[in-house]
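Residue strings, one per chain:
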Amino acid sequence: PEVTDLVQKVADAYGVDPIDVVVDIDYEVSGQFKVDNIDPTKAGDVQETIKNTISQETGVPMNDIDVDYNSDTGEVQYTVQTDSYDDTNTIQANMESDSFTDAIESSLENVDSNIDVTSPVVNDEIIADINIVVDGKDTIVINDATNNLATKFTDDGFTVKDAEGINMASKFTKIYVCLFFSIY
């Protein structure tokens, strides 16, 4: 959903003004591949090399990239996070190209010249991690509103993976509601 639509839906669900809603969205694309023929003594360099190469190929800082390498199976899973759907969509398309796999394999040859990268798969969906903070000082139906909001996302055709509302009350006059959604 567009951020302005999202802000309005949240405001409506909680009975607050849109100015009382702050939305932060991060988009994630992920994939996996297998690394074969690696010298076990060089396994420690594989994860960092892959992360660095993904960063170079996508233009995404390394701290927004997660790489999990299983040295027993050779399986690599990675996730790239951005704050722009369009950027994530472009990155996803680039990851599906042979040149992306070739770049990974080429960089890993610096670790071990016998390495092969096989079975590359880029997941079809882009996941949106949505963090919402609501100044809910004027609402009393926090749990009902959270459930209603999750239902609205589902009605709009999204799959809501996690929907969690946390009521964080300050000592004085404001109640903040933090919502965490993963939708795709």
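Check the entry above for the structure.
Computed from a predicted structure; not experimentally measured.

Caption draft 1: Structural detail: helix H4 (residues 98-109). Between the first and last C-alpha of H4 there are 16 Å, a value that for twelve residues agrees with the 16 Å anticipated at 1.5 Å per step. Phe100, Thr101, Ala103, Ile104, Glu105, Ser107 and Leu108 are the residues of H4 that are buried. Tucked inside the fold, the buried residues of H4 contact strand S1 (21-36), helix H2 (43-58), strand S3 (75-82), helix H3 (85-95) and strand S4 (116-122).

Caption draft 2: Layout of the pairing of S1. With eight bridges connecting them, S1 and strand S5 (residues 127-135) associate as antiparallel partners. Bridge pairing links glutamate 28 to isoleucine 127 in S5. Judged from the eight bridges that link them, S1 and S3 form a sheet pairing that is antiparallel. Residue pairing in the sheet places tyrosine 27 in a bridge with threonine 82 of S3. The pairing of S1 with S4 spans five bridges and is antiparallel. Looking across to S4, one finds that glutamine 32 is bridged to valine 121.

Caption draft 3: Just the nonpolar core, in detail. Of all hydrophobic cores here, the largest spans 24 residues; its most connected members are Ile50, Ile54, Tyr78, Val80 and Met95. The set of elements that each furnish at least two residues to this core consists of S1, H2, strand S2 (65-69), S3, H3, H4 and S4. Take this core: its biggest share by element is four residues, from H2. Discounting residues that sit within four places of it in the chain, methionine 95 has contacts with Val29, Ile54, Thr58, Tyr78, Val80, Phe100 and Val122. Counting 18 residues, the second largest nonpolar core, distinct from the first, contains Val7, Ala13, Val16 and Phe153.

About the cut-offs
- Going along each chain's sequence as written, the residues are numbered from 1 onward.
- The predicted nature of this model means local features are confined to residues of pLDDT at least 70 and side-chain atom pairs, given and counted, to a pLDDT of 80 or more, with totals for whole chains, interfaces and linings taken over all residues.
- To obtain the side-chain values, all non-hydrogen atoms of the structure were used and water was disregarded.
- For helices the rule is a DSSP run of H or I covering at least 4 residues; for strands it is a run of E covering at least 2, with both sets numbered from the N terminus onward.
- Under the convention used throughout, the expected extent of a helix is 1.5 Å for every residue step, that is, one less than its residue count.
- The rule is simple: take the accessible area with a 1.4 Å probe, protein chains only, and divide by the maximum for that residue type; under 20% is buried, over 50% is exposed, in between is partly exposed.
- We call two residues in contact whenever any of their non-hydrogen atoms come within 4.5 Å of each other.
- Any two strands with at least two DSSP bridges between them are considered paired.
- By nonpolar core is meant a set of buried Ala, Val, Leu, Ile, Met, Phe, Trp, Tyr and Cys residues that side-chain atoms within 4.5 Å join together.

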